[in-house]
Amino acid sequence: MEETIKVSGLSKSYAGNQIIKNLTFAVKAGEVYGLLGANGAGKTTTIECMLGTRKADTGSVSILGLDPWRNRKQLFEQVGVQFQEASYSDKIKVKELCEETACLYRSVANYGELLRRFDLWEKKDSFVNELSGGQKQRLFIVLALLPDPKVVFLDELTTGLDTKARRSVWKSLITLKEKGLTIFLSSHFMDEVETLCDTIAILKEGNFIFTGTVQEAIDRSPHDSLEEAYLWFTGEEEMDNE
């Protein structure tokens, strides 16, 4: 299967502190790739360096055959991004934000259909600052999907959502995956990872300590659930027992 994302030797340091260290991996077309790790493990830095929104110290990245630094405009016509933290003007309505975002791209998905899919159509005339935290999170996912991307990056995509909303988002993403969308996501929720991810990578102190399938992670640990296996790999299991 074709590799949509290729990362080789990716490293980044801040003030002499190495955040990610020589990361090398690939993501296949139509795959959901999950990046796991505790806060501070380097997940967001990895995504930012992959996208070129933060300059890596060393390494190379190819997404859809394009370099994020040299081919930024061409790449972002085909890539959607939802960051964990995003801010917009208090005086803009949901539909206005969708329309303004759509103007940035030559080819876009129907924002009305996306708002309906993520249960936001009734909020189209509301100001963004009037939305609940969960509604904002779903809106950020809609904006990431507006360019009708081939690849989408989702950073903690269901943080702040209730159980029903999370499952609705999962269902929508599974449908998009079945249509060929490649999804790279970071998450703290093991049920989400088990539902969505074909491959997972666990980061600890900037290094991969595991890559493979969910079942392989469980099989390589002394446990029978992903959550317990994850805690075992990261060493958080010992911390919980102290």
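Owing to the predicted nature of the structure, the values given are computational and were not obtained by experimental measurement. (Residues numbered from 1 in each chain as written. Predicted model: local features only at pLDDT ≥ 70, side-chain atom pairs only at ≥ 80, totals over all residues. Heavy atoms only, no water.)

A. Structural detail: the overall build of the chain. For the chain, the count of helices and strands is 10 helices and 9 strands. Against the 2.2 N^0.38 benchmark of 18 Å for 242 residues, the chain shows a C-alpha radius of gyration of 18 Å, consistent with a compact globule. Across its three principal directions, the C-alpha atoms of the chain cover 50 × 40 × 40 Å. Sorting the 242 residues of the chain into buried and exposed places 49% on the buried side. Counting contacts in the chain only where the partners sit at least 6 residues apart, residues at least 24 apart contribute 65% of the total. As displayed, the chain has an accessible area near 12000 Å², and 44% of this comes from carbon and sulfur atoms. In the chain, 29 positive and 37 negative side-chain charges are present, and the distance between their average locations comes to 8 Å. (Helix = DSSP H or I, 4+ residues; strand = E, 2+ residues; numbered from the N terminus. Rg over C-alpha atoms; globule rule 2.2 N^0.38 Å. Buried < 20%, exposed > 50% of the residue type's maximum accessible area, 1.4 Å probe, protein only. Contact = heavy atoms within 4.5 Å. Areas by Shrake-Rupley, 256 points an atom, 1.4 Å probe, with all protein chains shown as cover. Lys, Arg positive; Asp, Glu negative; His and termini not counted. Charge placed at Lys NZ, Arg CZ, Asp CG, Glu CD.)

B. Main features of the environment of Gly212. Here Gly212 shows up in strand β9 (residues 207–212). Since its relative accessible area comes to 12%, Gly212 is described here as buried. Sequence-wise, Gly212 and Arg72 are 140 residues apart; in three dimensions their C-alpha atoms are separated by 30 Å. Look past the residues within four positions of Gly212 in its chain and what remains in contact with it is Thr199 and Ile200.

C. A look at the environment of Ile20. Here Ile20 lies in strand β2 (residues 17–28). Taking the relative accessible area as the measure of exposure, Ile20 reaches 0% and is therefore buried. Each C-alpha atom, one on Ile20 and one on Gly9, is 9.7 Å from the other, the two residues being 11 residues apart in sequence. With residues near it in sequence (within four places) discarded, Ile20 still touches Leu10, Ser11, Lys12, Gly42, Thr45, Thr46, Cys49 and Gly206.

D. Main features of the layout of surface pockets. In this model, the second largest pocket occupies a volume close to 260 Å³. Contributing to the lining of the second largest pocket are 13 residues, with Ala109, Arg117, Asp148, Leu176 and Lys179 lying nearest its centre. Considered class by class, the residues forming the lining of the second largest pocket number 6 nonpolar, 2 polar and 5 charged. (1 Å grid on protein atoms, 1.4 Å probe; cavity = no way out; pocket = protein on both sides within 12 Å on 5 of 7 lines; lining within 4 Å. Points joined across faces, edges and corners; volume = space filled by probe spheres on them. Nonpolar A, V, L, I, M, F, W, Y, C, P; charged D, E, K, R; others polar.)

E. Structural context of the sheet that holds β2. In space, the 3 strands of this open sheet follow the order β2-β1-β4, with antiparallel pairing throughout. In this open sheet, the two strands that pair with only one neighbour each are β2 and β4 (58–63). Shown here is a sheet whose adjacent strand axes are inclined to one another by a mean of 15 degrees, direction ignored. Where strand β1 (residues 3–14) meets β2, 8 bridges bridge the pair, whose relative direction is antiparallel. (Pairing = 2+ DSSP bridges. Axes fitted to C-alpha atoms, helices over the stretch in contact; angles between N-to-C directions.)

F. How the structure looks around the nonpolar core. In this structure, Leu139 and Ile200 are the most contacted members of the largest nonpolar core, which totals 48 residues. Counting residues per element, this core draws most heavily on helix α5 (residues 133–145), at 7 residues. With near-sequence residues (within four places) excluded, Ile200 lies in contact with Gly34, Leu36, Val193, Phe210, Thr211, Gly212, Thr213, Val214, Ala217 and Leu226. Core analysis: the next-biggest nonpolar cluster, separate from the first, contains 27 residues, Val7, Leu23, Phe25 and Ile63 among them. (Core = buried A, V, L, I, M, F, W, Y, C linked by side-chain atoms within 4.5 Å.)

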